[in-house]
Amino acid sequence: MYIFIVNPISGNGRGHIIWKEIETVLQKKNVEYDVIFTRYRGHATDCVIGLDERKVTAVVAIGGDGTVHDVVNGIRNLPIAFGIIPAGSGNDYARAMGVPKHHLLALDRILSGIKKQMDILFVGEKCCTTVVGIGFDGKVAQLANQSKLKKILNRFNLGKLIYGIIVLQVLFQYRPTSVTMMIDGKSVQFSNVWLIAIANLPYYGGGMNICPEALSDDGYLDVCIVHNISKIKLLQVFPKVFKGKHIHHSAITLMKGKSVTVTSESPVIIHGDGEIIGETPVEVTIQKSMLHIV
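Conventions adopted
Residues numbered from 1 in each chain as written. Predicted model: local features only at pLDDT ≥ 70, side-chain atom pairs only at ≥ 80, totals over all residues. Heavy atoms only, no water. Helix = DSSP H or I, 4+ residues; strand = E, 2+ residues; numbered from the N terminus. Rg over C-alpha atoms; globule rule 2.2 N^0.38 Å. Buried < 20%, exposed > 50% of the residue type's maximum accessible area, 1.4 Å probe, protein only. Contact = heavy atoms within 4.5 Å. Areas by Shrake-Rupley, 256 points an atom, 1.4 Å probe, with all protein chains shown as cover. Lys, Arg positive; Asp, Glu negative; His and termini not counted. Charge placed at Lys NZ, Arg CZ, Asp CG, Glu CD. Salt bridge = Lys/Arg side-chain N within 4 Å of Asp/Glu carboxyl O. Core = buried A, V, L, I, M, F, W, Y, C linked by side-chain atoms within 4.5 Å. Axes fitted to C-alpha atoms, helices over the stretch in contact; angles between N-to-C directions. Parallel < 35°, antiparallel > 145°, perpendicular 65-115°, else oblique. Left-handed = near helix turned anticlockwise from the far one by under 90°.

Peer 1: How should I be thinking about the overall build of the chain in this particular structure?
Peer 2: Looking only at helices and strands, one finds nine helices and 17 strands in the chain. Computed over the C-alpha atoms, the radius of gyration of the chain is 19 Å, within 12% of the 19 Å expected from 2.2 N^0.38 for a compact globule of 294 residues. Counting only C-alpha atoms and orienting by the principal axes, one finds that the chain spans roughly 60 × 40 × 30 Å. Classification of the 294 residues of the chain by burial places 55% in the buried group. In the chain, of all internal contacts separated by at least 6 residues, the share reaching a separation of at least 24 is 71%. Accessible surface, the chain: about 13,400 Å² in total, of which carbon and sulfur atoms supply 53%. Of the side-chain charges in the chain, 31 are positive and 24 negative, and the distance between the mean point of each set is 8 Å.

Peer 1: What is the right way to read the side chain of Asp 65 from this model?
Peer 2: Structurally, Asp 65 is set in helix 3 (residues 65–75). Here Asp 65 is buried and forms no salt bridge, its nearest opposite-charge partner Arg 95 lying at an N-O distance of 6.2 Å. Those residues in contact with Asp 65, other than ones at most four positions away along the chain, are Gly 90, Asn 91, Asp 92, Tyr 93 and Asp 273.

Peer 1: How should I be thinking about the side chain of Asp 273 in this particular structure?
Peer 2: Tracing the sequence through the fold places Asp 273 in the loop between strand 15 (269–272) and strand 16 (275–279). No salt bridge is formed by the buried Asp 273, whose closest oppositely charged neighbour, Lys 126, lies at an N-O distance of 9.1 Å. Those residues in contact with Asp 273 that lie beyond four places of it in its chain are Asp 65, His 69, Cys 127, Cys 128, Thr 129, Thr 130 and Val 131.

Peer 1: Explain the nonpolar core to me, please; I cannot follow it from the model alone.
Peer 2: Within soluble globular proteins, side chains that are nonpolar tend to cluster in buried spots. Counting residues in each nonpolar core, the largest one holds 51 residues, and the members touching the most others are Val 132, Ile 134, Phe 136, Met 181, Ile 196, Ile 198 and Val 262. Among the elements that take part in this core, strand 9 (residues 186–199) stands out by supplying nine residues, more than any other. Core analysis: the next-biggest nonpolar cluster, separate from the first, contains 46 residues, Ile 3, Val 6, Ala 58 and Ile 120 among them.

Peer 1: Before we go on, may I ask you to explain the packing of helix 1 (residues 14–28) against helix 5 (residues 103–111) in this structure?
Peer 2: Helix packing geometry: the angle between the two helix axes and the distance between the axes. Put simply, helix 1 and helix 5 touch, their axes get as near as 10 Å, and they point 45° apart. Here helix 5 runs oblique to helix 1, going by the angle between their axes. Note on packing geometry: the crossing formed by helix 1 with helix 5 is right-handed. Judged by residue contacts, Ile 18, Glu 21, Ile 22, Val 25 and Leu 26 of helix 1 engage His 103, Leu 104 and Leu 107 from helix 5.

Peer 1: Please explain the pattern of salt bridges as it appears in this structure.
Peer 2: One pass over the full model with this rule turns up seven salt bridges. Its salt-bridge partner being Arg 41, residue Glu 275 comes within 3.2 Å of it at the nearest N-O pair. Here Glu 275 is found in strand 16, whereas its partner Arg 41 is found in the loop between strand 2 (33–37) and helix 2 (43–48), with 234 residues between them in sequence. When its relative accessible area of 61% is taken as the criterion, Arg 41 is described as exposed.

This is the structure we're talking about:
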């Protein structure tokens, strides 16, 4: 049996619309399924915890990165495959994993049954699939989640533009800070840090290719530190992040490791998969081949 977890309000209602088409196809193909509609943030996690692995072929999320985040946090300890049919505004997990944009093609991929394994990031007991962002981008994620404009843009399938708009809003208010990092036991310090992205996958924030070399199955965290750069220069560099070309700038430092601890001069916001999960200090680790995906 396939369990479909549908966020009906993702993409300003696209989740529900997509599900109706998916359901029709499932019935025509005589695929055994059950469906659960989420009602609040974290509901998907509550719904999938305790599923009987003997009866479930895969859990399939129909939604965005927030829905992926919630479902994975529920099945991370279960040998149950996970699939995604993208219906959100950012869809960074789906983009990085090569999931077809069209929902029927994404469904075909899931029903093919071809499985692989991927790593998972951990921040304490919370797990993430894409990127843990610390600092400037944490503030951007916080405001994006609260934004009424995001809902309006979603009506025109332009929801990912909200991240660029809020970046400009936060840019002139945010104050960078000094940080100390421990990467696999080695201490490094950076001053005037705008953001630290700790990545399992390349994309976040609606298509920003923050860590172009990040791989989902190599057992390593890719770390991007943006530091010692003026607001004007940062504004000039920012557009390059969508093509991954920002990494050549002198204000960008790239590192790799299996464990990253970040302590900052003043507490800064942390997000994982676009969901706010706390403030510094923080330790991020990776567990290899923990999630089965279709």
